[in-house]
Amino acid sequence: MSKRNIRKVAVLGSGVMGSRIACHFANIGAEVLLLDIPPKEGKNRNAVAKEHLAAAIKSNPAPLYDKHFATRITTGNFDDDLPRIKDCDWVIEVVVERLDIKQQVLANVEKHRKPGTLITTNTSGIPIHAIAEGRSEDFRKHFLGTHFFNPPRYLPLLELIPGPDTDPAVVAFLEEYGQRVLGKTTVVCKDTPAFTANRVGVYGIMALLHLVQEMGLTVEEVDRLTGPVLGRPKSATFRTSDVVGLDTMVHVANGIKANCPNDEQNALFAIPDYVEQMVERQMLGSKTGKGFYVKEKGKGGKSEILQLDLKTLEYKPQVKPKFATVEAARKETDLRKRIPLLYAGTDKAGEFYRKSFHGLFAYVGQRIPEISDALYKIDDAMRAGFGWELGPFELWDAAGVETALNAMKAANITAAKWVEEMIAAGHSSFYKNEGGKRLYYDPASKAYKPVPRAEGLIVLADLPDSSVVWKNKAVTVHDLGDGILQVGWSTKMNTFGAEVIQGLNKAVDIAEEGYKGLVVYNDGPLFSAGADVGMIFMMAVEQEYEDLDMAVRTFQRTTMRMRHSSIPVVAAPHQLCLGGGTELCMHADKVVAHAETYMGLVEFGVGVIPGGGGTKEFATRLGDELQEGDIRSNRLRHRLLTIAQAKVSTSGHEAFELGYLRPGQDEVIVSRAHQLAYAKQCALALWNKGYTQPQMRKDVKVLGLDGLGVVYSGASNMHSGNYISEHDQLISEKLGYVLCGGDLSEITEVSEQYLLDLERKTFLELCMQRKTLERLQSIITSGKVLRN
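Everything quoted here is computed from the prediction, not taken from an experiment.

Thoughts on the overall build of the protein
Stage number 1. Each helix and strand in the protein was counted, giving 31 helices and 25 strands.
Stage number 2. The globule rule puts the C-alpha radius of gyration for 788 residues at 28 Å, and the 28 Å found for the protein is close to it.
Stage number 3. Principal-axis analysis of the C-alpha atoms gives the protein an extent of 80 × 65 × 65 Å.
Stage number 4. The proportion of buried residues among the 788 residues of the protein is 54%.
Stage number 5. Across the protein, every contact between residues at least 6 apart in sequence was considered, and the portion connecting residues at least 24 apart equals 70%.
Stage number 6. Here the protein has roughly 33,600 Å² of accessible surface; of this, 51% comes from carbon and sulfur atoms.
Stage number 7. For the protein, the centre of its 94 positive side-chain charges and the centre of its 97 negative side-chain charges are spaced 1 Å apart.

Things to note about the sheet that holds strand β9 (residues 293-297)
Stage number 1. Reading across from one edge, β9-β10-β11 is the order of the 3 strands in this open sheet, with antiparallel pairing throughout. The strands lining the two open edges of the sheet, one partner per strand, are β9 and β11 (314-317). Across this sheet, the average inter-strand angle for adjacent strands is 45°, counted without regard to direction.
Stage number 2. For strand β10 (residues 303-309) and β11, the ladder comprises 4 bridges, and the chain directions are antiparallel. Bridge pairing in β11 places D309 opposite E314.

Quick notes on the sheet that holds strand β4 (residues 90-93)
Stage number 1. Read across the sheet, 8 strands follow the order β3-β2-β1-β4-β5-β6-β7-β8 without closing on themselves; strand pairing throughout is mixed. The sheet is open, and its two edges are formed by β3 (73-77) and β8 (185-188), each paired on a single side. On average, each strand axis in the sheet is inclined to that of its neighbour by 25°, with strand direction left out of account.
Stage number 2. Bridging between strand β7 (residues 157-162) and β8 involves 4 bridges; their strand directions are parallel. Directly across from E159, in β8, lies its bridge partner V187.
Stage number 3. The strands touched by helix α4 (residues 99-112) within the sheet are β1 (8-12), β4, β5 (118-121) and β6 (143-148), with β4 carrying the most contacts at an inclination of about 160°.

Comments concerning the side chain of H358
Stage number 1. Within the secondary structure, H358 sits in helix α15 (residues 348-366).
Stage number 2. The exposure class of H358 is buried, given its relative accessible area of 5%.
Stage number 3. A distance of 2.6 Å separates the side chain of H358 from the side chain of Y343, its partner in a polar contact.
Stage number 4. Ignoring anything within four residues of it in the chain, the contact list for H358 reads Y343, A404, A407, M408 and I413.

Section: the pattern of salt bridges
It is possible for side chains bearing opposite charge to pair when their charged atoms get close.
Stage number 1. Here the structure, examined in full by the defined rule, presents 50 salt bridges.
Stage number 2. Put simply, E596 and R153 hold a salt bridge, and the shortest N to O gap is 2.7 Å. In this pair, E596 is assigned in the loop between β21 (590-594) and β22 (597-600) and R153 in the loop between β6 and β7, connecting sequence segments 443 residues apart.
Stage number 3. For E596, a relative accessible area of 5% puts it in the buried group.

Here we look at the packing of helix α25 (residues 632-644) against helix α29 (residues 726-739)
Stage number 1. Put simply, α25 and α29 touch, their axes get as near as 10 Å, and they point 130° apart. As far as their axial angle goes, α29 and α25 are oblique. Of the two elements, α25 crosses α29, and the hand of that crossing is right-handed. Residues L636, R639, L640, I643 and A644 of α25 pack against S732, L735, G736 and L739 of α29.

Regarding the environment of D379
Stage number 1. Its location among the elements puts D379 in helix α16 (residues 375-386).
Stage number 2. Overall, the relative accessible area of 0% leaves D379 in the buried class.
Stage number 3. D379 sits 370 residues away from V9 along the chain, and the two C-alpha atoms are 30 Å apart.
Stage number 4. If we skip the residues at most four places from it in the chain, D379 touches G391, P392, F393, E394 and Y431.

Side note on the side chain of E394
Stage number 1. Tracing the chain through its elements places E394 in helix α17 (residues 392-399).
Stage number 2. Assessed through its relative accessible area of 5%, E394 is described here as buried.
Stage number 3. When sequence neighbours within four positions are dropped, the list of residues in contact with E394 reads R336, D379, R383, E389, Y431 and R438.

Thoughts on the packing of aromatic side chains
Stage number 1. According to the stated counting rule, one finds 25 aromatic pairs in the structure shown.
Stage number 2. Each ring, one from Y441 and one from Y448, has its centre 5.5 Å from the other, and the planes form 75°; the classification is edge-to-face. Of the two residues, Y441 and Y448, both sit in the buried class.
Stage number 3. The ring of Y363 has R367 lying over it, and the distance from NZ or CZ to the ring centre is 4.3 Å.
Stage number 4. Positioned over the ring face of Y448 is K432, at 4.2 Å from the centre of the ring.

A few points about the environment of V738
Stage number 1. Position of V738 among the secondary structure elements: in helix α29.
Stage number 2. Take V738: its relative accessible area is 0%, and that puts it in the buried class.
Stage number 3. Contacts of V738, omitting those with residues within four sequence positions, involve I609, T615, A619, L755, L758, E759 and T762.

About the thresholds
- Each chain carries its own residue numbering, running from 1 in the direction its sequence is written.
- Where totals are concerned, whole chains, interfaces and linings use all residues; where local detail is concerned, this predicted model gives features only for residues with pLDDT of at least 70, and gives and counts side-chain atom pairs only at 80 or more.
- The side-chain quantities take in all heavy atoms of the structure and omit both hydrogens and water.
- Secondary structure elements follow DSSP: runs of H or I of four or more residues count as helices, runs of E of two or more count as strands, with numbering from the N terminus.
- Note on method: radius of gyration uses C-alpha positions; expected globular size equals 2.2 Å times residues raised to 0.38.
- Exposure is judged per residue with a 1.4 Å probe applied to protein chains only, and the accessible area is read against the type maximum: over 50% gives exposed, under 20% gives buried, and values in between give partly exposed.
- Here, residues are in contact when the closest pair of their heavy atoms is within 4.5 Å.
- Accessible surface is estimated by sampling points in the Shrake-Rupley manner with a 1.4 Å probe; for residues, cover comes only from the protein chains shown.
- Here Asp and Glu are counted as negative and Lys and Arg as positive; His is not counted, and neither are the chain ends.
- Every charge is mapped to an atom, namely NZ of Lys, CZ of Arg, CG of Asp or CD of Glu.
- For two strands to be treated as a pair, DSSP must find at least two bridges joining them.
- For helices, the fitted line uses only the C-alpha atoms of the stretch in contact; every axis is such a line through C-alpha atoms, and the angle between N-to-C directions lies from 0 to 180 degrees.
- N or O atoms closer than or at 3.5 Å make up a polar contact, with two conditions inside protein: a donor-capable atom paired with an acceptor-capable one, and, for residues adjacent in sequence, both atoms drawn from side chains.
- In what follows, salt bridge is the name for a side-chain nitrogen of Lys or Arg lying within 4 Å of a carboxyl oxygen of Asp or Glu.
- Convention used here: angles under 35 degrees read as roughly parallel, angles over 145 as roughly antiparallel, angles from 65 to 115 as roughly perpendicular, and any remaining angle as oblique.
- Two helices that cross are described as forming a left-handed crossing if the nearer one is turned anticlockwise from the farther one by less than a right angle, and a right-handed crossing if clockwise.
- Here the aromatic set is Phe, Tyr and Trp, taking the six-membered ring for Trp, and pairing holds for ring centres within 6.5 Å; pairs whose planes are under 30 degrees apart are stacked, those over 60 apart are edge-to-face, and all others are tilted.
- We call a charge positioned over a ring when the NZ of a Lys or the CZ of an Arg lies within 6 Å of the ring centre and within 35 degrees of the ring normal.

Structure follows, in structure tokens:
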């Protein structure tokens, strides 16, 4: 593998993709030079790049982990600043998708680049070999395609497309760098039209556009069938199309149809009449304000989202369709076990799944070896680029390879010959686990091969059964080796219940008996949405005060065990980490948060304060921040408002600003794939440094009445100004009471236990408030998920 460092990156082209790619390199700490054409008029020759970057920074979702990272980006223009690329380690061309313009820009790049510099083009489909025509041998050796998916920060797929002369060492370097440093799922693709993800993904969308007509399905029905129940994003099919833009999808589909004449499904890429009419009428989605859905003002001025009638192209109200198959399958939380239920459905939904699955299975089978020699690459691309929880071959495994193959034959759908040969040879699945390794079926050798993993990675799904040291229905404890355990749980939204609390305590028990450390890490789509407060609501309604008190005590003791055990505990959250999930992390010895971690103490929204040690921990950290001569009220206000406004970080980096993570102690890692292995290293390092069990603190400084005056006057002013309700004023005052350690006459040192008791007492008092119960009841009635 090439030994090189990427310190400075040049991004050529500052449009939607270029500016956001530049932002993502700034996210990981690189120095970025962002160039574009100079304006035709005006004195500021860098205005185009500067304005595009400013627009990107203001956009939602935010392209930067922290807006301060924008200082790592310098703007310029092609005419004056292109010579500066000689100092760059990687030059990425991201200009308009036209072959002639890309060739022209790269010809100028070659005049200034130093030999050995990486040169890549960001393209979604222009042949890489054509772009590189006319370039020198050294240029072509270090040149390839890098297809970032939009938005680059959030979609993890990075397709690497080598040209015929690309040095394999360069590909290997970028494959590893993309994963470890950029946090990407890197997939090496063949230089075929639309590469890997878009070839399969656009096929899937086009197949649905035709199937909708065949089965007479509505827009809303399709999105109901192709969303989370299938392990796909909430935006499903048509909402996704509205976001991406119907014109964009049509452009890619037309490109595939024109450039893949031998594709057996070429006719399927023909644009249906109703889609062509939508394009003609500028019904392109979000960019034109209407597409498959539109937001309009209804009666009383209230906004309403309407769905498109595909027969009349008129908008009509949504009706929230229900299918018996879907309702029954939703009860199964394991997606791999849910798929067979959907596939076997006897209603219209079951028919839809069989028809769509069969077409997809036939199509991806025929794409090997055309677009990829290895089937796992297609699955990786679809998971990372389109947000599928299961790639097409994993989906086929879940449905049953032979079962689906027989059904396809009965429906006169031709599967790839190599799949039939695989089944005939006695192999029943595309993947299997053996000896702690995940294997995939390789059609060329007609044998199973290990799915390549970067050195040192730990993948829970690959661990042998013997690594499980304890489990219950919700929790599994793994031995990661080297004396480190991992505990994780799988519940709906990974919420805390009795079994999860039991498992967390059991994991600490086992670790203390003969291990060196514990990592708290979940392998699902999110870390934890916290504790389900529906149970707390029921206890409050029934006035079961003692049971409620015990439930809160138990959770407090659990979070405190994370802090005061005899072994180091490292928490490794990702994605949603709310309420109790944040409280758990705040009590770990160290947090290794994924960059896309959204932390927040959100209990205020349901009428209570954090009751699992979160308020106590904020009071403790506030006390540690207080310095002689400090403006204490500002620090108190910051802590109080973070909870009172239920602030949730938009990244792991922002969690430091909000006080959920500790500077100099906690860390952020960009690579989700490397997170568990690094968290294990951190736990082992803490042990090797001579870890000693921390004692309960008795020296926490609290402000007492000095701080309460600020709290009460602030809450009163907010209520008087009609910014908050009377009940919110009460919650704010109760929250401030705990943060200040009660109505002590002066700044006083108190114990953690004192604050925990105060926190619990206040939590219980608020639970019994009529307004709190009404708020909880309203949330339950509306069908919103309750999370603490």
